[in-house]
Amino acid sequence: MNKMVQSLWYGIGSFLPGILFLIALVAAFIMMQQEGDISARYGLSLVLFVFLMVVLCWFYIITMMVDAANHCEGNEKIIWIILLYLINIFVFPVYWFVCVRKRTNHF
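This text gives an overview of the structure that appears in the document. (Residues numbered from 1 in each chain as written. Predicted model: local features only at pLDDT ≥ 70, side-chain atom pairs only at ≥ 80, totals over all residues. Heavy atoms only, no water.)

**Description of the packing of helix H3 (residues 74-86) against helix H4 (residues 88-104)**
Where H3 contacts H4, the axes come no closer than 7 Å and their chain directions differ by 145°. For the pair formed by H3 and H4, the contact residues are Glu76, Trp80, Leu83, Leu84, Tyr85 and Leu86 on the first element and Asn88, Val91, Phe92, Val94, Tyr95, Val98 and Cys99 on the second. (Axes fitted to C-alpha atoms, helices over the stretch in contact; angles between N-to-C directions. Helix = DSSP H or I, 4+ residues; strand = E, 2+ residues; numbered from the N terminus. Contact = heavy atoms within 4.5 Å.)

**Some remarks on the side chain of Asn88**
For Asn88, the location among the structural elements is in helix H4. Residue Asn88 is classed as buried on the basis of its relative accessible area of 14%. At 3.5 Å, the side chain of Asn88 and the backbone oxygen of Tyr85 are in polar contact. In this structure, Asn88 is in contact with Cys57, Ile61 and Leu83, ignoring residues within four places of it in sequence. (Buried < 20%, exposed > 50% of the residue type's maximum accessible area, 1.4 Å probe, protein only. Polar contact = N/O pair within 3.5 Å; in protein donor to acceptor, adjacent residues only side chain to side chain.)

**Examining the side chain of Ser14**
Along the chain, the position of Ser14 falls in helix H1 (residues 3-33). The class for Ser14 is buried, based on a relative accessible area of 2%. Within the local environment of Ser14, its side chain forms a polar contact with the backbone oxygen of Gly11, the two atoms lying 2.8 Å apart. Among all residues touching Ser14, those that are not within four sequence positions of it are Met64, Phe92, Pro93 and Trp96.

**A short note on the nonpolar core**
Met64, Ala68, Cys72, Trp80, Leu84, Phe92 and Tyr95 are the most contacted members of the largest nonpolar core, which has 15 residues in total. Mapped onto this core, the elements with two or more residues apiece are helix H2 (38-71), H3 and H4. Per-element tally for this core: the top contributor is H4, with six residues. Dropping the residues within four chain positions of it, Trp80 is found in contact with Ala68, Cys72, Val91, Val94, Tyr95, Val98 and Cys99. (Core = buried A, V, L, I, M, F, W, Y, C linked by side-chain atoms within 4.5 Å.)

**With respect to the packing of H1 against H4**
For any two helices packed against each other, the geometry comes down to the angle between their axes and how far apart the axes lie. Look at H1 against H4: their axes get within 9 Å of each other, and the N-to-C directions meet at 165°. Taken together, the axis directions place H1 and H4 in an arrangement best described as roughly antiparallel. The handedness of the crossing between H1 and H4 is left-handed. Every residue of H4 that contacts H1 at Lys3, Gln6, Ser7, Tyr10, Gly11, Gly13, Ser14, Phe15, Pro17, Gly18 and Phe21 is listed here: Ile89, Phe92, Pro93, Trp96, Phe97, Val100, Arg101, Arg103 and Thr104. (Parallel < 35°, antiparallel > 145°, perpendicular 65-115°, else oblique. Left-handed = near helix turned anticlockwise from the far one by under 90°.)

**Things to note about the packing of aromatic side chains**
Taken as a whole, this structure holds eight aromatic pairs when the rule is applied. Measuring from ring centre to ring centre gives 6.0 Å for Trp9 and Tyr60, while their planes differ by 35°; the resulting arrangement is tilted. One end of the pair, Trp9, is in helix H1; the other, Tyr60, is in helix H2, and 51 residues separate them in sequence. Of the residues examined, Tyr60 reaches a relative accessible area of 3% and is grouped as buried. (Phe/Tyr/Trp six-rings, centres within 6.5 Å; stacked < 30°, edge-to-face > 60°.)

As structure tokens, this is what we get:
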């Protein structure tokens with residue numbers, strides 16, 4: 001894959017799970033404030049949206065862990081893999097800025 005395309009893919013993907021999480025959180029908060037029929041009407045949509053978010057997040061966890069295993073060296077590799085696994089949504093943008101963006105030098 002072209003390095004610029006890879007960097008762009010990781011850049012978009014690093015922020016997307018966090019944004020989707022905030023959207024799901026706001027939607028759940030709005031649904032809790034409403035009474036009556038709204039939660040029955042939109043509950044399944046919210047569940048499907050959260051499921052999609054979880055699948056997407058796991059995809060990026062695995063993708064970025066493989067990238068860290070292939071491109072980082074020594075203790076840095078172990079630290080990035082552990083951080084990406086444990087606090088993934090918050091570490092995705094940091095990993096992109098520190099490792100992927102620096103490695104590709106296109107943005």
